[in-house]
Amino acid sequence: MSAPAPGCDKVLLVQAELDGELGAAEAAALAAHRSGCPLCQKAEAELLRTRALLRGEPYAAVPEAVRARVMARLRQHETRLAVASTMVRPGRRLWLWPSLGGFGLGAACAAALAFLLVLPQGGDLAVAVVASHVRALQPGHLEDVASTDQHTVKPWFDGRIDFAPPVRDFAAAGFPLQGGRLDYLDGRPVAALVYQRDKHIIDLYIWPASTVPRMGGGTAIHGYNLAHWTQDGMTFWAVSDVEGAQLDEFAKLWRRGS
Amino acid sequence: MLPHLDAAYNLARWLMRDSEAAEDVLQEAMVRALTYFASFKGVNPRAWLLQIVRNTAYSSHALNRGVETVPLAGEHEEGGIDLADHGDDPEAALLRTREQCRVRTLVAALPVELRETLVLREFEECSYKEIADATQTPIGTVMSRLWRARQLLARAAAAEGLP
Ligand SMILES: [Zn+2]
């Protein structure tokens, strides 16, 4: 094949502009060059023709039958994964699986599938929070730092993340701190604090608020309850399969700041 | 409703150029995705899933069965041409459909690394960054592959007398 840019070394930029990859300043600089460069003008005309050729191509969705077979295969596979993880993972985390309760692993799978298949880019943050929580519940993913001491957990985040998340323990109120980890939400690294309530796990995600403070709110997805609020310049998302009232209590403890 | 699954299926079809092989790849890729889901800590699930589909396709023995397979066209025809969509001119609709069929054949004949890059850009509307992630290729290479793919396609189309 010939060199990608015969004649003018700017043709890849012409292409990048048509693909929407150039910023305003770059596009302006390119426009100035192109007005005096026949090679770039020719390249642009050709690229536009090629694009027109492809534009009419219909987008084929997955046929229903194929989708059904994929889902059936995944359900089968999910069961195998569940059995395997229960058998090879004895020890302190075993109880996490039963704690998924009535929905069993179906809920884990549902959230995984929601994340993989349904969640649009930049999509619903609440769904992303649930998916992240479910992922964390899988063996070995809950904590990067396991400690019930807030003075151990808080410094652990130093140098690992570009802000200092508040860390508090509410053992006295029945929500003991279990540890923390790094996670990714909303296109950025976030701090996740792990709490326990009876046999349930609560994940609390914290990152700097980018928008105006919002009032708290609660919602539920796939059987998980969510609480969301902003406080002291931070965004908070709490998620768990505890009852909604208990999660609200947890959120109130935090917002009271005690 | 399931945009990532559609994207995964389409990429598999363009890579495998055969509906049955594409479904095998899709199934295998989705199983892998579910298995590795726990270790996924990225920010772009679509690029991540497309990367799995692509790696699954590349490890399939059916990948390079030859360019003579004329893929994908059959299914669209089976579905029937929706003449109603084209107003009162069924003849123009038929012509357009034939033209699309030929364009598809030309895209399918591109070398696989050019084909996947072009398909991700034109049909999945991926950004250069997403294509780079999905194909595990530097962005500069993505740009030159796109350029070559479009050059080849334009030349082939001209040779076929397509507009
Ligand atoms: Zn030029």
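Residues numbered from 1 in each chain as written. Chains lettered and ligands numbered in written order. Predicted model: local features only at pLDDT ≥ 70, side-chain atom pairs only at ≥ 80, totals over all residues. Heavy atoms only, no water.

What to know about the packing of helix H6 (residues 112–122) of chain B against helix H7 (residues 128–135) of chain B
Residue and element names in this part refer to chain B.
- In the contact formed by H6 and H7, the axes pass within 10 Å of each other and the chain directions differ by 140 degrees. With respect to H7, the element H6 is oriented oblique. Our pair here, H6 against H7, has a crossing hand that is right-handed. Residue-level contacts link Glu116, Thr117, Leu120 and Arg121 of H6 to Tyr128, Ile131, Ala134 and Thr135 of H7.
- In terms of residue class, the contact of H6 with H7 is made up of four nonpolar, two polar and two charged. (Axes fitted to C-alpha atoms, helices over the stretch in contact; angles between N-to-C directions. Helix = DSSP H or I, 4+ residues; strand = E, 2+ residues; numbered from the N terminus. Parallel < 35°, antiparallel > 145°, perpendicular 65-115°, else oblique. Left-handed = near helix turned anticlockwise from the far one by under 90°. Contact = heavy atoms within 4.5 Å. Nonpolar A, V, L, I, M, F, W, Y, C, P; charged D, E, K, R; others polar.)

Things to note about the pairing of strand S4 (residues 200–208) of chain A
Residue and element names in this part refer to chain A.
- In terms of residue burial, S4 counts as a mostly covered element, since seven of its nine residues are buried.
- Bridge analysis of strand S3 (residues 188–197) against S4 gives seven bridges, and the strand direction is antiparallel. Bridge assignment links Gln196 to a residue of S4, and that residue is Ile201.
- Between S3 and S4, which pair antiparallel one after the other, the connecting turn spans two residues, and Asp198 there sits at a positive phi close to 50 degrees. (Buried < 20%, exposed > 50% of the residue type's maximum accessible area, 1.4 Å probe, protein only. Pairing = 2+ DSSP bridges.)

What about the confidence of the model for chain B?
Residues and elements named next belong to chain B.
- Predicted confidence across chain B gives a mean pLDDT of 81, with 79% of residues reaching 70 or more.
- Predicted confidence for residues 66–86 stays below pLDDT 50, and this span has 27 contacts to residues more than four positions away or in other chains.
- Reported confidences for the modelled complex are a pTM of 0.59 and an ipTM of 0.83. (pLDDT = per-residue confidence, 0-100.)

What about the coordination of the zinc ion?
Residues and elements named next belong to chain A.
- The zinc ion binds to the protein through Cys8 (SG), His33 (NE2), Cys37 (SG) and Cys40 (SG); the donor distances cover 2.1 to 2.3 Å.
- For the zinc ion, the four donor atoms are set out with angles of 102 to 119 degrees between them, so the coordination reads as tetrahedral.
- For the zinc ion, the donor residues sit on a single chain with the sequence spacing C-x24-H-x3-C-x2-C. (Donors = N, O, S within 2.8 Å, 3.2 Å for Na, K, Ca; no water. Tetrahedral: all angles 85-135°; square planar, octahedral: opposite > 155°, others 65-115°.)

Considering the environment of B:Ser19
- Mapping B:Ser19 onto the fold places it in helix H2 (residues 19–36).
- As for B:Ser19 and B:Tyr9, which are separated by ten residues in sequence, their C-alpha atoms are 9.4 Å apart.

Let's talk about the packing of aromatic side chains
Residues and elements named next belong to chain B.
- This model, assessed by the stated rule, comprises eight aromatic pairs over all chains.
- With 5.3 Å between their ring centres and 25 degrees between their planes, Trp14 and Phe123 make a pair best called stacked. Linking Trp14 in helix H1 (residues 3–16) with Phe123 in the loop between H6 and H7, this pair joins segments that are 109 residues apart in sequence. For the pair Trp14 and Phe123, a shared accessibility class is recorded, and that class is buried. (Phe/Tyr/Trp six-rings, centres within 6.5 Å; stacked < 30°, edge-to-face > 60°.)

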